[in-house]
Structure formats: C-alpha cells, structure tokens
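Understanding the architecture of this molecule
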Amino acid sequence: VDVSLRQNAFAAPRRHLEQKMGWVYEEVKLDRPLNVVVLGRGSDVTKRRQNNSKQLRGAIEKRFGERVGAIQLTTITAATAVDDQLSVFYHADILVAVHGGALGNAWAMRPGALLVTQCHSSKCLYWESRLAPLAGVKVSQVDFKGEYESDALVVNFLVSPILDAIDQYLESHSTAAG
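Residues numbered from 1 in each chain as written. Predicted model: local features only at pLDDT ≥ 70, side-chain atom pairs only at ≥ 80, totals over all residues. Heavy atoms only, no water.

Regarding the nonpolar core
- Judged by nonpolar contacts, the single largest core of 51 residues is most densely connected at Ile-60, Phe-89, Leu-95, Met-109 and Ile-166.
- Where this core is concerned, the elements lending two or more residues are strand 1 (34–41), helix 3 (53–64), strand 2 (68–76), helix 4 (82–91), strand 3 (94–98), strand 4 (114–119), helix 5 (127–134) and helix 6 (159–177).
- Residue contributions to this core peak at 7 residues, all from helix 6.
- Filtering out sequence-adjacent residues up to four positions away, Phe-89 remains in contact with Leu-39, Ile-76, Leu-95, Ala-102, Leu-103, Asn-105, Ala-106, Ala-108 and Met-109. (Core = buried A, V, L, I, M, F, W, Y, C linked by side-chain atoms within 4.5 Å. Buried < 20%, exposed > 50% of the residue type's maximum accessible area, 1.4 Å probe, protein only. Helix = DSSP H or I, 4+ residues; strand = E, 2+ residues; numbered from the N terminus. Contact = heavy atoms within 4.5 Å.)

Pasting the structure below:
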C-alpha cells in the first residue's frame, strides 16, 4: 500500500479521535504484553455465532504466555455505542474476528496492530481487509473452508491457524527489530 495514501486515508478521523478521546496514533510496539481482543458476533445477529471464544482465549494464553496481557472476549452489536466500538479497536494490539460488519471500524486500530479475520475463503476480499492496510493495520486471513456447525451458521474459530497467524506476526516484528 502506498505510504502517502496510508498516512492520509484516515488522518482526519484519527485526528478527531485524538482530540475527542485523548488517543495517540503511534505504531504498536511489541516491547510490552499485548492486548488481544477476540470479537464474537453479538446476540442481535440471529443464528450466527462462535461457540469456542473461551477455548481460543485459553490457547492464546497457553501459547504466548507473558507476551500477551489482557485477552478480552467481547461482541459488538447494533446497540453498542460508537465510542465503545472505536475503543475496542483502538486498544487492541491484536484483534481476532469472523469477517463482517462488526469490523467496520477496524480503521480505528493503531498502525502496526494485527487484524486476524476468519473468512469463507483464503481469497476473502471483504472491505475490512482492504481498508485496514490503508490504516497501517496488518491483516491475516484464516479460511474456515465453509465448515459450519449445523444449519445455524455457527462458525467456530479455527484455533490452530489463528495461533499461527499471531505467531507469524510476532516473529515478523522480532525479526524486523533484530
């Protein structure tokens, strides 16, 4: 992504958030425990959910230990206030979610943060995966291969590929720093 476009695409809304919320849009640094958010689908979305968010949280804790700090399990629904939605994204160093409308504010993540999206295919070109890089957010896509649990559209997180995506992100940062 062209650096000048990346720097300018979200400059105005980020300046607004810096003034309104007191945030600073600096590059995510990995020299401290990282804040991880596992974003589930809200209860207002009928029949679409994940059943294994807690399992994913436990696997992240086990694999990455002290490299991660808080691991927040949360949802964003139509009733979630916009400032609260933006806060979830801004404070996430790593955010894991199934693709969809809840990721509409992924641009509010800080540059260098990681967005792991689980999609219908590895060539998933949803808008969040196109906008996030313009905001300097790293994107990793996990293909869930259409494996639904029953006809209720329960899309469980694929734990191993998600852990691998986080591992790759952390490794690329330590390689770049070293």
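Describing the pairing of strand 1
- Most of strand 1 is tucked away: 7 of the 8 residues are buried.
- Here strand 1 pairs with strand 2 via 7 bridges, running parallel. Its bridge partner being in strand 2, Val-37 is matched across the sheet by Gln-72.
- One ladder, built from 4 bridges, connects strand 1 with strand 3; its direction is parallel. Looking at the pairing, Leu-39 lines up with Ala-97 of strand 3. (Pairing = 2+ DSSP bridges.)

A closer look at the packing of aromatic side chains
- Counted under the stated rule, the structure contains 3 aromatic pairs.
- An angle of 5 degrees between the planes, with centres 5.7 Å apart, marks the rings of Phe-10 and Trp-107 as stacked. Of this pair, Phe-10 sits in the loop between helix 1 (3–9) and helix 2 (11–21) while Trp-107 sits in the loop between strand 3 and strand 4, placing them 97 residues apart in sequence.
- The buried category is assigned to Phe-10, whose relative accessible area is 12%.
- On the numbers, 4.2 Å between centres and 5 degrees between planes, the contact of Trp-23 with Tyr-90 is stacked. Here Trp-23 is found in the loop between helix 2 and strand 1, whereas its partner Tyr-90 is found in helix 4, with 67 residues between them in sequence. For the residue pair Trp-23 and Tyr-90, the accessibility class agrees, reading buried in each case.
- Ring pairs connect the aromatic residues Trp-23, Tyr-25 and Tyr-90, which therefore count as one cluster. (Phe/Tyr/Trp six-rings, centres within 6.5 Å; stacked < 30°, edge-to-face > 60°.)

Overview of the side chain of Arg-110
- Tracing the backbone shows Arg-110 in the loop between strand 3 and strand 4.
- Separated by 2.7 Å, the side chain of Arg-110 and the backbone oxygen of Tyr-90 make a polar contact. (Polar contact = N/O pair within 3.5 Å; in protein donor to acceptor, adjacent residues only side chain to side chain.)

What about the sheet that holds strand 3?
- Strand order in the open sheet made by the 5 strands is 2-1-3-4-5, with parallel pairing throughout. Edge strands, defined here as strands with exactly one partner in the open sheet, are strand 2 and strand 5 (138–143). Taking the axes of each pair of neighbouring strands and ignoring which way they run, one obtains an average angle of 20 degrees across the sheet.
- Strands in contact with helix 3 are strand 1, strand 2 and strand 3; relative to strand 2, the strand with the most contacts, it is inclined by about 165 degrees. (Axes fitted to C-alpha atoms, helices over the stretch in contact; angles between N-to-C directions.)

Describing the pairing of strand 3
- Across the 5 residues that make up strand 3, a large majority, 5, are buried.
- Here strand 3 shows two buried faces, one formed by Ile-94, Val-96 and Val-98 and the other by Leu-95 and Ala-97.
- Pairing of strand 3 with strand 4, which is carried by 5 bridges, proceeds in the parallel orientation. Following the sheet pairing, Ile-94 is matched in strand 4 by Leu-114.

Some words on the pattern of salt bridges
- If you walk through the whole model with that rule in mind, you get 5 salt bridges.
- In this structure, Asp-167 engages Arg-63 in a salt bridge whose closest nitrogen and oxygen atoms are separated by 3.0 Å. You can see Asp-167 sitting in helix 6 and its partner Arg-63 sitting in helix 3, a full 104 residues away along the chain.
- Judged by relative accessible area, which is 33%, Asp-167 ranks as partly exposed.
- Because the salt bridges share partners, they merge into one network encompassing Arg-32, Asp-93 and Arg-110. (Salt bridge = Lys/Arg side-chain N within 4 Å of Asp/Glu carboxyl O.)

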